[in-house]
Amino acid sequence: MPIFNDLILENWKESEILTDSLWIILERDKTGKHNGFYHGNFIPQIPHRFILRYTKKNEIVFDPFLGSGTTAYEAESLNRNFIGIDIQTKLVDYVKKNIEPKNNFSDLIAGDSAKFETFEKVKEILKDHRKKNVQLAILHPPYADIIKFSDLKNDLSNAKSLKEFLGQFAEVLINTIKILENGRYLAIVIGDKYTAGKWIPL
Ligand SMILES: C[S@@+](CC[C@H](N)C(=O)[O-])C[C@H]1O[C@@H](n2cnc3c(N)ncnc32)[C@H](O)[C@@H]1O
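Residues numbered from 1 in each chain as written. Predicted model: local features only at pLDDT ≥ 70, side-chain atom pairs only at ≥ 80, totals over all residues. Heavy atoms only, no water.

**Student:** Would you mind going over the overall build of the protein chain in detail, with residue names and values included?
**Tutor:** Secondary structure summary: the protein chain contains five helices and seven strands in total. Along the first, second and third principal axes, the C-alpha atoms of the protein chain reach 50 × 40 × 35 Å. Counting the 202 residues in the protein chain, one finds 46% classified as buried. Once local pairs closer than 6 in sequence are excluded, the contacts in the protein chain between residues at least 24 apart make up 64%. Carbon and sulfur atoms provide 54% of the accessible area of the protein chain, an area that totals close to 11,600 Å². Counting 28 positive and 27 negative side-chain charges, the protein chain places the centres of these two groups 2 Å from one another. (Helix = DSSP H or I, 4+ residues; strand = E, 2+ residues; numbered from the N terminus. Buried < 20%, exposed > 50% of the residue type's maximum accessible area, 1.4 Å probe, protein only. Contact = heavy atoms within 4.5 Å. Areas by Shrake-Rupley, 256 points an atom, 1.4 Å probe, with all protein chains shown as cover. Lys, Arg positive; Asp, Glu negative; His and termini not counted. Charge placed at Lys NZ, Arg CZ, Asp CG, Glu CD.)

**Student:** So what about the UniProt feature "domain: DNA methylase N-4/N-6" (unreviewed entry) in the protein chain? Which residues, and what values?
**Tutor:** UniProt annotation of "domain: DNA methylase N-4/N-6" (unreviewed entry) refers to residues 16-97 when read in the numbering used here. As a span, residues 16-97 carries 33% helix and 12% strand, and end to end its C-alpha atoms are 29 Å apart. (UniProt positions renumbered as here; feature names shortened; annotations may be inferred.)

**Student:** An account of the sheet that holds strand S5 (residues 180-188) is needed here, citing residue identities and associated values.
**Tutor:** Taken in spatial order, the five strands of this open sheet run S3-S2-S1-S4-S5, and their pairing is parallel. With partners counted over all chains shown, the strands left at the sheet margins are strand S3 (106-110) and S5, one partner each. Mean inter-strand twist for the sheet, computed between neighbouring axes without regard to direction, equals 15°. (Pairing = 2+ DSSP bridges. Axes fitted to C-alpha atoms, helices over the stretch in contact; angles between N-to-C directions.)

**Student:** Quick rundown of the pattern of salt bridges? Include the residues and the values.
**Tutor:** According to the stated counting rule, one finds nine salt bridges in the structure shown. In this structure, the salt-bridge partner of glutamate 100 is lysine 33, at a minimum N-O distance of 2.6 Å. With glutamate 100 in the loop between helix H3 (89-98) and S3 and lysine 33 in the segment before helix H1 (45-54), this residue pair connects regions lying 67 residues apart in the sequence. Linking glutamate 181 and arginine 184 is a salt bridge whose minimum nitrogen-to-oxygen distance equals 3.9 Å. Take arginine 184: its relative accessible area is 10%, and that puts it in the buried class. Ionic contacts of the salt-bridge type, sharing partners, join the residues Lys33, Glu76 and Glu100 into one network. (Salt bridge = Lys/Arg side-chain N within 4 Å of Asp/Glu carboxyl O.)

**Student:** Describe the site of the ligand, listing the residues and the values that go with them.
**Tutor:** Contacts to the ligand come from 25 residues, most closely from Tyr38, Ser68, Thr70, Asp86 and His140. One nitrogen or oxygen atom from the side chain of threonine 70 is found 2.5 Å from an oxygen atom belonging to the ligand. Note that a nitrogen atom of the ligand is positioned 3.1 Å from one of the backbone N or O atoms of asparagine 154. Here the ligand, which alone exposes 600 Å², has 99% of that area covered by the protein. Its residues placed into classes, the shell around the ligand shows 11 nonpolar, 11 polar and three charged. (Near = heavy atom within 4 Å. Polar contact = N/O pair within 3.5 Å; in protein donor to acceptor, adjacent residues only side chain to side chain. Nonpolar A, V, L, I, M, F, W, Y, C, P; charged D, E, K, R; others polar.)

And the structure:
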């Protein structure tokens with residue numbers, strides 16, 4: 001099996017990698033650029049561990065639900081390149097201001113990740129950097145309508161039904177898989193939904 005990371009297997013005990021299937025993380029990382037202001041963000045340790053496990057330095061991490069930039073900051077501090085998308089321009093502008101690319105690039109797009117046209121922009125960015133694919137995709141979509149992220153029509157949190165939400169999310173996945181290098185990893189971070197006391201697995 002090809003090795004998709006910079007971990008040294010002989011020294012795995014000295015790495016930060018959690019090898020159990022259940023990751024117990026006692027406290028949110030609040031260091032560096034992570035201030036946790038965004039309601040609906042995930043804890044930085046989640047993208048941190050995915051990036052360490054599934055990429056090597058200077059590879060490209062892709063996040064089509066950028067939010068407040070948790071994955072972007074982790075990619076930056078772990079010396080990976082990054083491409084991110086969010087439907088909310090104000091968030092994209094906020095994250096752009098916080099990123100200080102040194103040896104790696106970090107390119108952000110304001111747009112709808114369910115749309116083919118948005119991914120044409122991703123492909124242009126890849127071409128500008130003389131790359132064809134990304135090596136890891138991390139997707140942290142809205143958990144259907146649990147948190148309303150904006151008033152924008154195509155915001156997945158505004159989908160009118162579970163069917164519509166899943167249809168839009170499927171489009172994001174289809175777009176993402178097309179730019180993901182063959183055989184590499186795609187991680188989905190999602191919780192379930194409850195309506196009228198009923199558990200609705202997403
Ligand atoms: C769960 S949050 C992601 C939070 C992020 N992981 C963080 O730590 O800040 C989901 C994000 O998806 C964005 N979003 C919703 N629909 C979208 C769409 N169609 N295309 C792109 N982004 C979308 C929302 O604006 C929101 O910021």
